Amino acid sequence: MFYEAQRSGKLPAGNRIPWRGNAGLQDKAPNGASIVGGWYDAGDLTRFTFPAAFTVSTLALSFLEFKDAYAAAGQVDAMLATLKWGADWLNAARYAPDAFVAVTWKPGATVRESHLYWGRPEDLSGPAQVRALVSPQKGADLLAMGAAALAAVSVVFQERDPGYSQELLDTAQSLYMQATESSGLYSSSIPQATESSGLYSSSIPEATESSGLYSSSIPEATESSGLYSSSIPEATESSGLYSSSIPEATESSGLYSSSIPEVRGYYTSYSYIDDLAWAATWLALRTQDPEQLREAKFYYDQHWQVEGGGEGRRFDYNNMVQPTGYLLAKLDPSRKEEYSRPIRDVMALWLNAQSNITYTPKGLAWIDSWGNLRYVANQAFMGLLHGKLYPEQSRRATVYTCFARKQARLMLGEAGQGYVARLMLGETGQGYEVGIGNSPPCRPHHRAASCLATAEQPCDCSAYFNTGCNPNTIYGALVGGPTKDDVFTDTRWNYEASEVALDWNAGFTGMMAGLASNGISWEQCKAAGMENGRGSISPNLNAAGRAAGMGLWWQLVLAAVAAWCGLAVMQQP
C-alpha cells in the first residue's frame with residue numbers, strides 16, 4: 001500500500017488510501033503532452049525519474065522471480081497495478097522521440113523551495129515545474145534506467161496484455177537507443193539530482209562551527225575517485241552492437257546531472273555502463289534476441305573494465321551489477337559462475353562485517369547512516385535470488401536465507417539476539433516498517449501523512465513539529481532505521497532515520513517476497529546455529545568497497561526544512 005500512498009494524478013476508483021486524493025492533474029511536459037500520474041519520490045512533492053525507474057525494474061524482478069509468494073498473499077493484482085502505474089508514467093515521460101522527463105516539482109518554485117514546503121500534494125495549484133533530458137544532452141544512465149523499467153514491465157505483461165507489453169517495449173527500445181548514443185551520466189545534465197541519499201561521497205567536507213552543517217561546497221568527481229573512467233573504448237563493427245559506437249565519457253558530457261541542473265543535490269549517478277547493461281539485459285530477456293544478449297554481455301564486461309564494477313558493497317540505483325549478473329546467469333548458464341559471483345562477493349562482505357560494514361548490538365547489519373535499512377534489504381534480496389540459481393547448494397542457500405530472515409525479523413521489531421541480549425541490552429523490539437510489526441514508527445518524515453486528511457484543515461509547518469503520531473498511516477513504508485548503536489528517534493525531523501522513499505521499499509518488497517517463497521524457516525536457521533543470521537561461507541572475495549556517505553546537498557535541504565519551519569512556528573501568534 002506504500003506505493004499507492006505515493007501516487008500522483010487521478011486516483012482509481014478502488015483507491016485504498018482514504019487520506020490521499022487527486023493531485024497534479026494539470027501536469028504537462030514541455031511540449032504540452034500530459035504527464036499526469038507517477039509517484040512522489042519520498043515524503044516530498046517531487047517526482048524523480050531515475051529512482052522511480054529503478055524502483056519499477058526492481059519490483060518487476062521480485063514479482064517475476066517470486067510470483068508464488070505474491071499469489072499466496074493475494075497480492076498479484078495489487079502488484080500488477082503498482083507496476084502499471086509506474087510504467088504508465090515512465091511511458092508518458094517519454095513525451096517526444098528525443099526527450100525524457102527527469103524531474104518535476106512544486107509549481108512556481110525552485111526544487112529547493114519545493115523541499116522547504118510542508119503541505120499536501122492535493123493542495124498544490126497549477127502544473128508542476130518540469131525539467132527533461134533532451135538530445136543531445138548526455139544522460140545514458142537516466143535513459144537506460146527508464147528503458148530497463150519499461151522492458152521489465154513489458155516482460156511482466158507479455159502474456160497478460162500483449163498490446164500493452166509491445167507499447168512498453170517500443171518505448172524501452174527508443175530510450176535504450178538514445179542512451180547508447182548519449183553515453184554519460186544524467187546528473188551531469190540535470191543539476192537537481194546530484195549528491196542525494198546513498199551517494200558514494202569519497203570525502204565529506206568537515207562541518208564548520210559557524211553553520212553547524214556540512215560545508216556547502218561539494219567536491220567534483222575526478223578520475224581518482226575510481227567511480228568511472230575518463231574514456232570508453234569504441235565499439236567495432238565486429239562487436240555486433242546496435243549502437244555503432246560508444247562516445248567517450250567526460251566530466252562535461254557524462255552523467256545526467258551534468259545536463260539537468262535541477263537534480264543536483266538529490267539523486268546523483270556516478271556510472272552509466274552498468275545501467276546500459278541492466279537495460280540491455282531486460283531487453284534481451286523480453287525479445288530473446290541473441291544479438292541483444294550479446295550487447296548486454298558487452299556492456300556488463302565494459303562496466304567491469306571501465307567502471308571497476310561500481311562501489312562494490314551494495315545494490316542500489318548506483319550499483320546495478322548484482323541484479324544484472326543474476327539475469328545474465330539465467331540467460332547464459334554457461335557463464336553462471338562468473339555472472340553470479342558479484343552477489344557472492346558482496347554477501348561475503350556483509351556476512352563477515354568487512355569493508356566498513358558492521359552490526360548493531362541487536363544484530364542489524366549497518367553500512368550507512370542515511371537510509372541504512374534499504375541497503376540491508378536490497379542485499380538480502382540479492383542473496384535470496386542467488387539461491388534460485390543454485391538450489392543444490394543447500395549450505396550457501398541456508399546462510400543467505402538466514403541472513404535475510406534475521407534482518408527482516410529485526411526490521412519488523414524482533415527484540416534482538418535472544419533472551420540474554422534482551423536482558424542485558426534492555427531491548428524494546430523497535431520495528432521499522434510503518435503500521436506493521438512490533439512498535440512500528442508513527443512519525444515518518446512524510447508531508448501527506450503528517451497532514452490531517454480534510455482539506456478544510458490547513459497543513460503547514462505545525463504538522464512538521466507536531467509531537468504526536470502522524471494522523472495518517474503509510475502502511476508498509478520502510479523508514480531509514482537506527483544508528484549503528486540501535487538508537488532510533490521517531491521524529492519527522494530525524495530524516496536520516498525516519499524518511500521513506502520509493503527505492504527504499506523496492507528491495508524490501510523483494511526481500512519479503514523472497515522469504516515468503518523460501519522453504520528455509522527461522523526454526524531451521526536456529527537449528528543450524530544461525531540465530532544471528534551470519535553463518536560461515538568462504539566465497540570469492542575480489543572487491544574492496546569504497547566508503548559511501550549521505551548526499552551532502554540533500555542533508556542541507558532537509559536541515560533547511562527544519563530551520564524554515566522553526567521560523568514559521570515562532571512567527572505564529
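Quick caveat, the model's predicted, so the values are computed rather than measured. (Residues numbered from 1 in each chain as written. Predicted model: local features only at pLDDT ≥ 70, side-chain atom pairs only at ≥ 80, totals over all residues. Heavy atoms only, no water.)

Undergrad: Explanation requested: the overall build of the protein in the structure shown.
TA: Helices and strands together make up the secondary structure of the protein, namely 20 helices and seven strands. In the protein, buried positions account for 62% of the 573 residues. Partitioning the intrachain contacts of the protein with sequence separation of at least 6 by distance along the chain shows that 77% fall at a separation of at least 24. When the accessible surface of the protein is totalled, it reaches about 20,200 Å², and 52% of it is carbon and sulfur. (Helix = DSSP H or I, 4+ residues; strand = E, 2+ residues; numbered from the N terminus. Buried < 20%, exposed > 50% of the residue type's maximum accessible area, 1.4 Å probe, protein only. Contact = heavy atoms within 4.5 Å. Areas by Shrake-Rupley, 256 points an atom, 1.4 Å probe, with all protein chains shown as cover.)

Undergrad: Before we go on, may I ask you to explain the pattern of salt bridges in this structure?
TA: Oppositely charged side chains can pair when the atoms bearing their charge come close. The full count for this structure, using the stated rule, is 21 salt bridges. In this structure, Glu-311 engages Arg-313 in a salt bridge whose closest nitrogen and oxygen atoms are separated by 2.9 Å. Across this residue pair, the class does not change: Glu-311 and Arg-313 are buried. Across the salt bridge formed by Arg-344 and Glu-337, the nearest N and O atoms sit 3.5 Å from each other. Taking the relative accessible area as the measure of exposure, Arg-344 reaches 4% and is therefore buried. Owing to a relative accessible area of 46%, Glu-337 belongs among the partly exposed residues under this scheme. Ionic contacts of the salt-bridge type, sharing partners, join the residues Glu-311, Arg-313, Arg-314 and Asp-368 into one network. (Salt bridge = Lys/Arg side-chain N within 4 Å of Asp/Glu carboxyl O.)

Undergrad: What is the right way to read a nonpolar patch on the surface from this model?
TA: Side chains of Met-1, Ile-436 and Tyr-475 sit close together on the surface and give an oily, nonpolar patch of about 260 Å² of accessible area. Assignment of secondary structure puts Tyr-475 in the loop between helix H16 (461–465) and helix H17 (495–498). (Patch = residues over 30% accessible without salt bridge, like charges linked within 9 Å, V, L, I, M, F, W, Y side chains within 5 Å.)

Undergrad: Would you take a moment to explain unusual backbone geometry for this structure?
TA: For residues other than glycine, phi is negative in most cases, and the peptide bonds are mostly trans. In this structure, the amide linkage connecting Ser-135 to the following residue, Pro-136, adopts the cis form with an omega of 15°. Within the chain, Asp-486 stands out as a residue other than glycine whose phi angle is a positive 70°. Positionally, Asp-486 belongs in the loop between H16 and H17. For Asp-486, a relative accessible area of 14% gives the class buried.

Undergrad: Please explain the nonpolar core as it appears in this structure.
TA: Note on soluble globular proteins: their nonpolar side chains tend to be buried together. The biggest cluster of nonpolar side chains holds 149 residues, and the ones touching the most others in it are Trp-282, Trp-350 and Met-511. Broken down by element, this core gets its largest block of residues, 14 residues, from helix H6 (residues 140–156). Setting aside chain neighbours within four positions, we find Trp-350 in contact with Arg-313, Ile-357, Tyr-359, Ala-365, Ile-367, Tyr-375, Val-376, Gln-379 and Phe-403. In terms of nonpolar packing, the next biggest core, distinct from the first, is built from six residues, Trp-118, Cys-451, Ala-463 and Tyr-464 among them. (Core = buried A, V, L, I, M, F, W, Y, C linked by side-chain atoms within 4.5 Å.)

Undergrad: Is there a simple way to think about the pairing of strand E2 (residues 99–105) in this case?
TA: Along any regular strand, the residues point their side chains to alternate faces of the sheet. With seven of seven residues buried, E2 is to be regarded as a mostly interior element. Sheet topology note: the strand E1 (residues 47–48)/E2 ladder contains two bridges and is antiparallel. Note that in E2 the partner of Arg-47 across the bridge is Thr-104. Here E2 runs beside strand E3 (residues 129–134); their pairing, made up of six bridges, is antiparallel. The partner of Thr-104 across the bridge, within E3, is Val-130. (Pairing = 2+ DSSP bridges.)

Undergrad: Which parts of the structure should I look at to understand H6?
TA: Along an α-helix, residues three or four apart share an orientation, since each turn contains 3.6 residues. For H6, built from 17 residues, the straight-helix expectation of 24 Å at 1.5 Å per residue is met to within 8% by its first-to-last C-alpha distance of 24 Å. Counting buried positions over the 17 residues of H6 gives 17, a clear majority of the element. (Expected span 1.5 Å × (residues − 1).)

Undergrad: Any chance you could explain the packing of helix H10 (residues 321–331) against helix H11 (residues 336–351) here in plain terms?
TA: Pairs of packed helices are described in terms of their axes, by the angle between the two and the distance that separates them. Axis separation between H10 and H11 bottoms out at 8 Å; the angle between their running directions is 150°. As summarised for this structure, H10 and H11 are arranged roughly antiparallel, according to the angle between their axes. The two elements H10 and H11 meet at a crossing, and its hand is left-handed. Contacts from Val-321, Gln-322, Gly-325, Tyr-326, Leu-328 and Ala-329 of H10 reach H11 at Lys-336, Tyr-339, Ser-340, Pro-342, Ile-343 and Val-346. Residues that form the contact of H10 with H11 fall into these classes: eight nonpolar, three polar and one charged. (Axes fitted to C-alpha atoms, helices over the stretch in contact; angles between N-to-C directions. Parallel < 35°, antiparallel > 145°, perpendicular 65-115°, else oblique. Left-handed = near helix turned anticlockwise from the far one by under 90°. Nonpolar A, V, L, I, M, F, W, Y, C, P; charged D, E, K, R; others polar.)

Undergrad: I tried to follow the sheet that holds E2 on my own but got confused; where do I start?
TA: Across a sheet, strands are paired by hydrogen bonds formed along the backbone, either parallel or antiparallel in direction. If you trace the three strands from one edge of the open sheet to the other, you get E1-E2-E3, paired in antiparallel fashion. Each edge of the open sheet is held by one strand with a lone partner, namely E1 and E3.

Undergrad: Sorry, what's going on with the environment of Pro-482 here?
TA: If you trace the backbone, Pro-482 turns up in the loop between H16 and H17. Accessibility expressed as a relative area gives 4% for Pro-482, which makes it buried. Each C-alpha atom of the pair Pro-482 and Gly-431 lies 9.9 Å from the other, and the pair is 51 residues apart in sequence. If near-sequence neighbours (up to four positions away) are discounted, Pro-482 is found in contact with Leu-364, Trp-366, Tyr-432, Val-487 and Phe-488.

Undergrad: Quick question: what am I supposed to make of the side chain of Arg-314 here?
TA: Of note, Arg-314 is situated in the loop between helix H9 (290–307) and H10. Taking relative accessible area as the criterion, Arg-314 reaches 2% and is therefore assigned buried. One polar contact links Arg-314 to Glu-311, side chain to side chain, over a distance of 3.1 Å. (Polar contact = N/O pair within 3.5 Å; in protein donor to acceptor, adjacent residues only side chain to side chain.)

Undergrad: I keep staring at the layout of surface pockets and nothing clicks. Help me out?
TA: One way to see where empty space is left: roll a probe the size of a water molecule over the atoms. The space that makes up the largest pocket amounts to roughly 650 Å³. Residue assignment for the lining of the largest pocket shows that the elements contributing at least two residues are helix H1 (2–5), helix H3 (67–72), helix H4 (76–93) and helix H18 (502–517). The residue inventory of the lining of the largest pocket, partitioned by class, reads 14 nonpolar, five polar and three charged. (1 Å grid on protein atoms, 1.4 Å probe; cavity = no way out; pocket = protein on both sides within 12 Å on 5 of 7 lines; lining within 4 Å. Points joined across faces, edges and corners; volume = space filled by probe spheres on them.)

Undergrad: Can you help me understand empty space enclosed by the protein in this one?
TA: According to the stated counting rule, one finds three cavities of 30 Å³ or more in the structure shown. Its boundaries defined by the atoms lining it, the largest cavity holds a volume of some 60 Å³. Residue lining of the largest cavity: Gly-38, Trp-39, Arg-47, Phe-48, Thr-49, Ala-52, Val-56, Gly-86, Trp-89 and Leu-90, and that is the complete set. If you list the elements that add at least two residues to the lining of the largest cavity, you get E1, helix H2 (49–65) and H4. Split into classes, the residues belonging to the lining of the largest cavity amount to six nonpolar, three polar and one charged.

Undergrad: Help me out: how do you make sense of the environment of Asp-332 in this one?
TA: Relative to the assigned elements, Asp-332 resides in the loop between H10 and H11. Once you skip the residues sitting within four places of it in the chain, Asp-332 turns out to touch Lys-297 and Tyr-339. A distance of 2.6 Å separates a polar atom in the side chain of Asp-332 from a polar atom in the side chain of Lys-297.

Undergrad: What is the right way to look at the side chain of Thr-58 in this model?
TA: Inspection of the secondary structure assignment puts Thr-58 in helix H2. Setting aside its immediate chain neighbours within four residues, Thr-58 contacts Phe-315, Phe-381, Ala-506 and Gly-507.

Undergrad: Looking at this structure, I do not really get the state of the cysteines. What am I missing?
TA: Covalent bonding between the sulfur atoms of two cysteines defines a disulfide. Inspection of the entire model under this criterion finds three disulfides. Between the sulfur of Cys-451 and that of Cys-459 lies a disulfide, 1.8 Å long from S to S. With the S-S dihedral at roughly -60°, the linkage between Cys-451 and Cys-459 falls on the left-handed side. The class of Cys-451 is buried, set by a relative accessible area of 1%. (Disulfide = S-S within 2.5 Å.)

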